[in-house]
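Here is what each chain is made of, one letter per residue.
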Amino acid sequence: MKNFKLSHIGWAVFSIEKALPSFHVLGYKNIGEICNDVSRKVKLLLLSDGKKNLIELVEPFGKDSPVFNLLQKNGPFPYHVCFSVNNSESESCISRLKKTGFIELNKPADAPALNGNKVIFLYSSNIGLIEIVFEKEEVCN
């Protein structure tokens with residue numbers, strides 16, 4: 001689907017503060033400050049390597065965060081891949097994904113770490129969890 005553009009990789013970690021030195025050694029720098037996503041019960045921080053590659057560190061607030069159990073089972077790991085689509089094409093893109101077997105896990109909601117753009121999470125038994133961010137500016141060709 002040509003409308004999708006890679007946005008970032010979400011990386012689940014026990015502690016953003018403890019994970020930062022390892023990502024800094026890999027050439028990533030913080031973009032902004034840690035923000036709280038209360039609705040998803042996680043802390044978030046975006047990192048960039050300066051070459052358009054972004055990583056979003058995802059730390060659970062506590063044991064009731066959906067990310068907590070995954071971390072307990074797997075340890076830190078790449079949690080999801082996020083793709084961006086133009087906001088005007090979001091409904092058709094989501095519809096196509098659902099027709100190919102993706103399951104919608106939530107309704108579109110604001111994402112504090114992504115400039116207030118709306119995001120949706122979907123799951124495929126073939127590839128796992130993805131996030132779609134609906135960009136307010138044109139990002140598709």
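Not measured: the values here are computed from a predicted model.

1. Details of the confidence of the model for the protein
The predicted model of the protein has a mean per-residue pLDDT of 90, with 95% of residues at 70 or higher. Predicted confidence in the protein is weakest over strand β7 (residues 109-110), with a mean pLDDT of 86, and strongest over helix α1 (residues 16-25), with 98.

2. A few points about the pairing of strand β8 (residues 118-124)
Burial runs high along β8: 5 of the 7 residues are buried. Note that strand β6 (residues 103-104) and β8 share 2 bridges and pair antiparallel. The partner of Glu-104 across the bridge, within β8, is Leu-122. Note that β7 and β8 share 2 bridges and pair antiparallel.

3. Things to note about the pattern of salt bridges
Scanning the model with the defined rule gives 6 salt bridges in all. A salt bridge links Asp-37 to Arg-40; the shortest N-O distance between them is 2.5 Å. For the residue pair Asp-37 and Arg-40, the accessibility class agrees, reading buried in each case. Here Glu-59 and Lys-43 are joined by a salt bridge, their closest N and O atoms 3.9 Å apart. Linking Glu-59 in strand β4 (residues 54-60) with Lys-43 in strand β3 (residues 42-48), this pair joins segments that are 16 residues apart in sequence.

4. Considering unusual backbone geometry
Located in the positive-phi region is Lys-41, a residue other than glycine, with phi close to 60°. For Lys-41, the position within the fold is in the loop between β2 (29-37) and β3. By relative accessible area, which is 31% here, Lys-41 ends up partly exposed. Backbone geometry places Lys-52, a non-glycine residue, at a positive phi of 80°. Mapped onto the elements of the fold, Lys-52 is located in the loop between β3 and β4.

Conventions adopted
Residues numbered from 1 in each chain as written. Predicted model: local features only at pLDDT ≥ 70, side-chain atom pairs only at ≥ 80, totals over all residues. Heavy atoms only, no water. pLDDT = per-residue confidence, 0-100. Helix = DSSP H or I, 4+ residues; strand = E, 2+ residues; numbered from the N terminus. Buried < 20%, exposed > 50% of the residue type's maximum accessible area, 1.4 Å probe, protein only. Pairing = 2+ DSSP bridges. Salt bridge = Lys/Arg side-chain N within 4 Å of Asp/Glu carboxyl O.

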